Amino acid sequence: MIAVIDYKMGNICSLGNALKRLGTEWQLTADPGIIKKASHIILPGVGNAAEAMDNLSKLKLPDIIRQLRRPVLGICVGMQVMCRHSDEGDAECMGIFDARVRRFNDDNGLKIPHMGWSRIGNMESKLFKNIDSGTYVYFVHSYLAPLCSDTVATARHGVMFSAALRYENFYGTQFHPEKSGTAGERIIDNFLKI
């Protein structure tokens, strides 16, 4: 069973539909017991990193998440809160990925938020099995994780940034695989086979 963590920040409808199309049994939950027993855990995210960390902390979930030894996937803000820190709301985050999330620099007229389809490349993870370099995926974000030792895919919006991160059993995508069509569905399916 897949546990989708319920901390009032996720795009649950789209993610649920993607999991349903893959024929996967899943449960929306904030129950630590259910999360610990799940075969895979997904931390979806839409919104503000500081609010996300506050919600997770109220549920006493950050330590639970850090201690998980099963595959965990953070999506968008779900990935960002697994980094060390986010400049969005000056939030101390979970510290799983070795990155400090910062805002895109709009000094040169860069459109923020970065919203829409962009190519990913430099893919180095089982998440991207049978995904071609240059595949388009869907992004909606104003903050980014810079390139770091945990980067396993990149994208560009003014600057090159981490489109995906990995550390041990933890994976993160800045893009929304649940909104990225066939390629995104394959990425979710790849995650579920890890």
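Our structure is the block above this text.
To keep things clear, this report deals only with the structure shown in the data block. The model shown is predicted, which means the values in this text are computed figures rather than measured ones. (Residues numbered from 1 in each chain as written. Predicted model: local features only at pLDDT ≥ 70, side-chain atom pairs only at ≥ 80, totals over all residues. Heavy atoms only, no water.)

Digging into the overall build of the protein
Right, on to step 1. Helix and strand content of the protein: six helices and 13 strands.
Right, on to step 2. Projected onto its principal axes, the C-alpha positions of the protein cover 50 × 35 × 30 Å.
Right, on to step 3. Across the 194 residues of the protein, 55% fall into the buried class.
Right, on to step 4. Long-range contacts, defined as pairs at least 24 residues apart, comprise 67% of the intrachain contacts of the protein with a sequence gap of at least 6. (Helix = DSSP H or I, 4+ residues; strand = E, 2+ residues; numbered from the N terminus. Buried < 20%, exposed > 50% of the residue type's maximum accessible area, 1.4 Å probe, protein only. Contact = heavy atoms within 4.5 Å.)

Let's talk about the sheet that holds strand β4 (residues 72-75)
Right, on to step 1. The sheet built from seven strands is open, its strands ordered β2-β1-β3-β4-β13-β12-β11 with mixed pairing. Strands at the two margins of the open sheet, each flanked by one partner only, are β2 (26-29) and β11 (151-157). Averaged over all neighbouring strand pairs, the angle between strand axes comes to 25 degrees, with direction disregarded.
Right, on to step 2. Of the pairings in the sheet, the one linking strand β12 (residues 159-167) to strand β13 (residues 170-173) comprises four bridges and is antiparallel in character. (Pairing = 2+ DSSP bridges. Axes fitted to C-alpha atoms, helices over the stretch in contact; angles between N-to-C directions.)

Structural notes on the pairing of β4
Regular strands place their side chains on alternate faces of the sheet.
Right, on to step 1. Side-chain alternation along β4 places V72 and G74 on one buried face and L73 and I75 on a second face that is also buried.
Right, on to step 2. Bridge analysis of strand β3 (residues 40-43) against β4 gives three bridges, and the strand direction is parallel. Its bridge partner being in β4, L43 is matched across the sheet by G74.

With respect to helix α6 (residues 181-192)
Right, on to step 1. Its twelve residues give α6 an end-to-end C-alpha distance of 17 Å, which sits within 8% of 16 Å, the value for a rise of 1.5 Å per residue.
Right, on to step 2. Listing the buried residues of α6 in full gives A183, G184, I187, I188, N190, F191 and L192.
Right, on to step 3. The secondary structure elements touched by the buried residues of α6 are β1 (2-5), α1 (12-21), β3, β4, β9 (136-141) and β13. (Expected span 1.5 Å × (residues − 1).)

Quick word on the nonpolar core
Right, on to step 1. In this structure, I5, L43, L56, I65, V81 and M94 are the most contacted members of the largest nonpolar core, which totals 33 residues.
Right, on to step 2. Secondary-structure elements contributing two or more residues to this core are β1, β3, α3 (49-58), α4 (62-67) and α5 (77-80).
Right, on to step 3. What L56 contacts, discounting residues up to four positions off in sequence, is I5, Y7, L43, L61, P62, I65, V81 and M94.
Right, on to step 4. Counting residues in hydrophobic clusters, the runner-up holds 30 residues, among them C76, F104, A155 and F175. (Core = buried A, V, L, I, M, F, W, Y, C linked by side-chain atoms within 4.5 Å.)

Some thoughts on the sheet that holds strand β7 (residues 100-103)
Right, on to step 1. Pairing within the open sheet is mixed, and its four strands lie in the order β6-β5-β7-β10. Each having just a single partner strand, β6 (91-92) and β10 (143-144) make up the two edges of the open sheet.
Right, on to step 2. In terms of strand pairing, strand β5 (residues 85-86) meets β7 through two bridges, oriented parallel. Residue pairing in the sheet places S86 in a bridge with V101 of β7.

Comments concerning the pattern of salt bridges
Right, on to step 1. A complete count under the given rule lists seven salt bridges for this structure.
Right, on to step 2. The partner of D6 in a salt bridge is K8, with the nearest N and O atoms 3.2 Å apart.
Right, on to step 3. With a relative accessible area of 66%, K8 lands in the exposed category. (Salt bridge = Lys/Arg side-chain N within 4 Å of Asp/Glu carboxyl O.)

Some words on the packing of aromatic side chains
Right, on to step 1. As enumerated under the stated definition, the model contains five aromatic pairs in all.
Right, on to step 2. Ring geometry for F139 versus F161: centroids 5.7 Å apart, planes at 80 degrees, classification edge-to-face. Of this pair, F139 sits in strand β9 while F161 sits in strand β12, and the two are 22 residues apart along the sequence.
Right, on to step 3. In textbook terms, an aromatic cluster arises when at least three aromatic residues are bridged by ring pairs, as seen for F104, F139, F161 and F175. (Phe/Tyr/Trp six-rings, centres within 6.5 Å; stacked < 30°, edge-to-face > 60°.)

Details of α3
Residues lying three or four places apart along an α-helix face the same way, a consequence of the helix completing one turn every 3.6 residues.
Right, on to step 1. Listing the buried residues of α3 in full gives A49, A52, M53, N55 and L56. All buried residues of α3 project into a common sector of 160 degrees when viewed along the axis, lining one side.
Right, on to step 2. Looking at the buried side of α3, the elements it contacts are β1, β3, α4, α5, β5 and β6.
Right, on to step 3. A side-chain oxygen of the first residue of α3 lies 2.8 Å from the backbone nitrogen of A50; this N-cap is N48.
Right, on to step 4. Just downstream of α3, K60 is the residue with a positive phi angle, here 60 degrees. (Arc of directions from axis to C-beta. Polar contact = N/O pair within 3.5 Å; in protein donor to acceptor, adjacent residues only side chain to side chain.)

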